[in-house]
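# Secondary and tertiary structure notes
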Amino acid sequence: MGKVTSRPLLFQSKLLCFSLLYLFTSLFLALYASLSSTKCLFRSSPFDPIQTPLFTYPPSYGEHKYAIPTLRSSCNSPVFFSDYWMVLKEIQDFCRDSSFNLPALRYINTRADSFGGNLSTQQRISYFHYRNNSKEIPCGFMKRFPVVQSDRVAMKRCNGVVVVSAIFGDHDKIRQPKGLGSKTLENVCFFMFVDDVTLKGLIHNNLISVKSRNYKIGIWRIVKVSTKSLYNNPAMNGVIPKYLVHRLFPNSKFSIWVDAKLQLVVDPLLLIHSLVVSKNVDMAISKHPYYVHTMEEAMATARWKKWWDVDGLKMQMETYCQNGMMPWNSNKLPYTSDVPDSALILRKHGTASNLFSCMLFNELEAFNPRDQLAFAYVRDHMHPKIKMNMLEVEVFEQVVMEYRHNLKRGGPGPVVGSKTKRARPDLFGRNGSCQNYLLRMWGETHEYH
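Below is a summary of the structure that appears in this document.

Reading the values: rules and limits
Numbers given for residues are sequential positions, taken from 1 along each chain in its written order. This being a predicted model, a pLDDT of at least 70 is required before a residue's local features are given, and a value of 80 or more before pairs of side-chain atoms are given or counted; all residues contribute to the totals for chains, interfaces and linings. In computing side-chain values, all of the structure's heavy atoms are included and hydrogens and water are not. Elements are defined by DSSP. Helices are runs of H or I of four residues or more, strands are runs of E of two residues or more, and each kind is numbered from the N terminus. Each residue gets one of three labels from its accessible area relative to the maximum for its type: buried under 20%, exposed over 50%, partly exposed in between, using a 1.4 Å probe on protein chains only. The criterion used for residue contact is that any of the two residues' heavy atoms lie within 4.5 Å. Shrake-Rupley sampling with a 1.4 Å probe provides the accessible areas, and residues are treated as covered by the protein chains on show and by no other component. Aromatic contacts are taken between Phe, Tyr and Trp rings whose centres are within 6.5 Å, Trp giving its six-membered ring; a plane angle under 30 degrees counts as stacked, one over 60 as edge-to-face, and the others as tilted. The term salt bridge refers to a side-chain nitrogen of Lys or Arg lying within 4 Å of a carboxyl oxygen of Asp or Glu. Two cysteine sulfurs form what is called a disulfide whenever their separation falls within 2.5 Å. What the arc covers is the set of directions going from the helix axis to the C-beta atoms. Take the buried residues of types Ala, Val, Leu, Ile, Met, Phe, Trp, Tyr and Cys, join any two whose side-chain atoms come within 4.5 Å, and each joined set is a nonpolar core. Polar contacts, as used here, are pairs of N or O atoms within 3.5 Å; protein pairs need one atom able to donate a hydrogen and one able to accept it. Residues neighboring in sequence count only if both atoms are side-chain atoms.

Turning to the overall build of the protein, a few remarks are in order. Across its full length, the protein carries 15 helices and 14 strands. Burial status across the protein gives 50% buried among its 449 residues. Across the protein, every contact between residues at least 6 apart in sequence was considered, and the portion connecting residues at least 24 apart equals 86%. As displayed, the protein has an accessible area near 22,800 Å², and 54% of this comes from carbon and sulfur atoms.

Below, the discussion takes up the packing of aromatic side chains. Scanning all chains against the criterion turns up 16 aromatic pairs. With 3.9 Å between their ring centres and 15° between their planes, tyrosine 320 and tyrosine 377 make a pair best called stacked. Residue tyrosine 320 is found in helix H11 (residues 310-322), and its partner tyrosine 377 is found in helix H13 (residues 371-381); the two are separated by 57 residues along the sequence. The class for tyrosine 320 is buried, based on a relative accessible area of 0%. A residue is classified by how much of its surface remains accessible, and tyrosine 377, at 2% relative accessible area, is buried. Taking 5.5 Å as the distance between ring centres and 80° as the angle between the ring planes, the aromatic pair formed by phenylalanine 356 and phenylalanine 375 counts as edge-to-face.

Turning next to the pattern of salt bridges. Close approach of charged atoms lets side chains of opposite charge pair. Taken as a whole and judged by the stated rule, the model has 15 salt bridges. Of the charged contacts in the structure, one is a salt bridge between aspartate 93 and lysine 89, with a shortest N-O distance of 3.0 Å. Note that aspartate 93 and lysine 89 are positioned in helix H3 (residues 84-96) at a spacing of four residues, about one turn of the helix. Its relative accessible area of 35% is what places aspartate 93 among the partly exposed residues.

Let's shift gears to the state of the cysteines. According to the stated counting rule, one finds three disulfides in the structure shown. Paired through a disulfide, cysteine 139 and cysteine 358 show a sulfur-sulfur distance of 2.1 Å. Looking along the S-S bond of the cysteine 139-cysteine 358 disulfide, the torsion reads about -75°, which is the left-handed sense. Taken as a pair, cysteine 139 in the loop between strand E4 (136-137) and helix H5 (149-157) and cysteine 358 in helix H12 (residues 351-366) lie far apart in primary sequence, 219 residues in all. In this structure, cysteine 139 and cysteine 358 share a single accessibility class: buried. Sulfur-sulfur distance for the disulfide between cysteine 158 and cysteine 189 comes to 2.3 Å.

All buried positions along helix H6 (residues 196-204) are accounted for by Thr198, Leu199, Gly201 and Leu202. Angular distribution of buried residues about the axis of H6 spans 160°; they occupy a single face of the element. Projecting away from the buried face of H6 at angles above 90 degrees are the exposed residues Lys200 and His204. Within two residues after H6, asparagine 206 carries a phi angle of roughly 60°, on the positive side.

By size, the foremost hydrophobic cluster in this structure holds 71 residues, and its most contacted members are Phe115, Ile137, Phe145, Phe193, Phe249 and Met295. Per-element tally for this core: the top contributor is H12, with eight residues. In this structure, Phe190, Met192, Leu202 and Ile222 belong to the second largest nonpolar core, which totals 51 residues.

Turning next to the side chain of aspartate 267. Turning to its location among the elements, aspartate 267 is positioned in the loop between strand E10 (262-264) and helix H9 (268-277). Under the relative-accessibility criterion, aspartate 267 is labelled buried at 0%. In terms of polar contacts, aspartate 267 uses its side chain to reach the backbone amide nitrogen of glycine 181, at 2.6 Å.

Structure representation (structure tokens):
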């Protein structure tokens with residue numbers, strides 16, 4: 001008789017193997033869920049090195065007032081993060097690569113009466129197609145950006161990832177990011193741009209000292225911008241660091257714009273890696289929670305008086321319609337919407353994303369700082385095309401905490417001497433250049449419903 005060999009019981013039952021695998025997987029997910037603040041963020045390790053809060057505000061400042069609750073409890077678009085140490089090394093390797101963002105754009109270096117040069121419609125259109133790096137393009141800085149030399153030097157030294165925000169007109173609180181890894185502050189710069197009005201509020205709340213030469217609050221380096229020589233509207237001044245970040249930080253490879261009404265709750269290195277690098281895109285930005293078509297946002301802007309110059313809004317939309325702006329449709333895929341929520345923008349600095357930012361800034365100076373109105377017009381007309389990851393709204397809500405602006409009378413309003421006009425019901429529709437746009441938009445709406 002031959003020798004009989006017996007296998008362990010564990011390997012005799014496939015059912016038992018699957019059962020044990022299911023059990024251990026369930027236990028791991030249960031442990032992760034108990035440690036995670038949200039059920040929609042998944043890391044390869046729930047034990048990433050998270051730092052404790054690095055700054056405590058005085059109770060009078062109220063940085064956590066007016067939080068906006070997250071309405072979506074579903075998890076149809078979970079966010080997966082790789083191991084922190086692997087992400088750190090990969091981002092560092094990207095930043096060391098000297099050919100990372102080549103070829104670099106060349107910019108018009110001249111002086112003008114406005115920061116962006118006040119270009120005509122045809123001038124702006126002529127720069128949409130970028131064919132070679134011998135052509136200089138307009139991209140702001142036709143006036144000096146008024147910050148002190150020490151801040152300018154610090155901005156040039158930031159050669160990796162930069163997180164940027166701004167408060168002009170003292171309309172928000174400075175909030176500290178949460179969930180930072182133990183090596184993040186060594187690899188990420190945090191800059192907050194403020195004007196004189198905001199700076200006085202910070203001094204009043206004893207957050208910074210008048211005698212200090214370099215202002216800092218928690219992880220944020222505070223950069224004072226003397227806005228007298230820039231724009232009358234604080235929102236337009238905020239557009240400069242928002243869209244010209246690649247010029248303010250010429251050696252940075254990645255950037256994250258965070259509206260001051262937001263608080264990051266996920267490490268910026270993990271966000272850049274998950275939403276930009278791993279998707280092989282130039283930019284990541286959230287879709288608008290309600291609107292898909294540019295004209296929907298324009299109508300809402302007029303209806304809810306988000307911008308005082310209604311005639312200017314009409315002129316902007318008429319200009320875009322005359323130059324080929326069309327409502328969103330499936331032919332625009334992989335772009336899944338024409339209207340973003342631009343409170344959070346993640347960028348890989350390179351030809352496409354820098355060109356998009358420059359062209360969009362030129363439109364904002366020409367009309368108004370409502371960047372959602374010019375977004376699709378620039379995106380659809382520029383070349384080379386920008387690769388974009390348009391995030392689901394629930395992703396946006398899981399990676400940031402949103403707060404209301406400071407409660408004040410009024411807000412961003414008309415410049416002195418102007419009057420707010422009431423929007424007519426037929427503002428964009430009667431015998432105008434956008435009639436064809438509206439018919440197509442409404443036709444698609446009726447088709448889907």
